[in-house]
Amino acid sequence: MAIEPYRRVLALPGVRALMLVGLVARIPLTGTGITLTLHVVNSLKLGFLEAGLVGAASMVGAALGSPLAGRIVDRRGLRPVIAVTTVIQLCFWCVAPSLPYHALLAGAAIAGVFSQPVFGAIRQCVAAMVPAEDHRTGFALDSMAVELSFMVGPAVAAAAVTAFSSTATMYAVGVGLVGSGVALFLLDPPTRSPEEADRETRESVPYRQWVGPGLITLLVMVSALTFVLTSTELSLVATMQESDATSWTGLVIALWCAYSLVGGFVYGGLSRGFSPLGLIGGLCALTAPLGLVGGGWWWLCLALVPAGFLCAPALSASVDAVNQRVPAAARGEAMGLHSTALTIGVACAGPIAGAIVDSYGPGWAFAASGVVGVVLVLAALPFWRDSGHTATEPMPA
């Protein structure tokens, strides 16, 4: 596996700055959930149910807002969306520490709708700035940046709440979000390549030209992917607690993320990619038997290697497949739908995997999520057309 593809991509004008800003901008976003949860529990003195409702409200809002933000980016450009969402985030995080619970619940939902579209926008810009033959490498870099942000953001937020307070951490998150918005506004990366800008218009593209069975199937598979990943995380936490090794939970999850980083790095340097359905199906199949691992939690760390290795490649392949199936004029909305699909999987996994862990134990949660994922992949095969339209091909009416 050569490192040359990464050198080639990072040497392109603006790509290094985009990747750096994208990595830093995602860190405060990934820390918002744990910050709100700990604020409700520690400062408002309420239970985890109430904290979970605040998190769910924020996720539902983000799921609804992501496609809308992407659609506006397609028609008006990135800067107006970043400006509006950054101002709304500033307003929310300035007042959030002093809000009573029900006002915080409503505010989290509104702030979720107006979340900064960092995840989808960065992917849209990667598709525009990187030549089509290097998209896989570019999206692999993006997936690794996402992995790093999820390793850093929640951990830093939890540590800040413990060391200082949830109020101070909420203000810090607000500062981070505003800083991220300002950085993206000033960077103003292109959302279309020069060729696409010449060929396409800012007019909206009819849904019938790009929303079809292949794309819908892909979005369902994206939800299945994050369903399995979130279930795995919850099952890991429960397994460590059951083994009286809670203090090592952070290490196990960090190793799991590291496996994903290695997998993403290898995948991005390959000469050809793989079907996202195959990667997601493989990840699910390798997740199902994790509950059978015995002999101590350190064996679980080793058993996580194969499934962990496929995490970033599966995400990267799904982004690449979405990009290939939509015209440039609808890319932002499509990436927003991709973000919505990711959010739906996370939201569904929490209560379902939690109920299985409570009733039957973490081993069954591993098995159930993996089997469900495999079944969904098998059910999706008849609807999947691996030769889907690319963004540069004319779309059928």
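Residues numbered from 1 in each chain as written. Predicted model: local features only at pLDDT ≥ 70, side-chain atom pairs only at ≥ 80, totals over all residues. Heavy atoms only, no water.

**Student:** Mind showing me how you'd approach the packing of helix H15 (residues 311–325) against helix H16 (residues 331–360) here?
**Tutor:** Each packed pair of helices is defined by two parameters, the angle between the axes and the distance between the axes. Relative orientation of the contacting elements H15 and H16 amounts to 145°, with a least axis distance of 10 Å. Classified by chirality, the crossing of H16 by H15 is right-handed. In this structure, H15 contributes Leu315, Ser318, Val319, Val322 and Asn323 to the contact, and H16 contributes Arg331, Ala334, Met335, His338 and Leu342. Partitioned by chemical class, the residues of the contact of H15 with H16 number six nonpolar, three polar and one charged. (Axes fitted to C-alpha atoms, helices over the stretch in contact; angles between N-to-C directions. Helix = DSSP H or I, 4+ residues; strand = E, 2+ residues; numbered from the N terminus. Left-handed = near helix turned anticlockwise from the far one by under 90°. Contact = heavy atoms within 4.5 Å. Nonpolar A, V, L, I, M, F, W, Y, C, P; charged D, E, K, R; others polar.)

**Student:** Please clarify how the state of the cysteines should be interpreted in this entry.
**Tutor:** By definition, a disulfide is the covalent link that joins the sulfur atoms of two cysteine residues. Under the criterion given, the structure shown has zero disulfides. Summary of cysteine pairing: cysteine 311 is not part of a disulfide, and the nearest cysteine sulfur, belonging to cysteine 257, is at 8.1 Å. The class for cysteine 311 is buried, based on a relative accessible area of 8%. Considering cysteine sulfurs only, cysteine 284 is the nearest to cysteine 348, which forms no disulfide, with 14 Å between them. (Disulfide = S-S within 2.5 Å. Buried < 20%, exposed > 50% of the residue type's maximum accessible area, 1.4 Å probe, protein only.)

**Student:** Can you walk me through unusual backbone geometry in this structure?
**Tutor:** Peptide bonds are trans in most cases, and residues, glycine excluded, mostly fall at negative phi. The phi torsion at lysine 45 lies on the positive side, around 60°, for a residue other than glycine. You can see lysine 45 is positioned in the loop between helix H3 (32–43) and helix H4 (48–76). The residue aspartate 188 is not glycine, and still its phi comes out positive at about 45°. Tracing the backbone shows aspartate 188 in the loop between helix H9 (166–187) and helix H10 (194–199).

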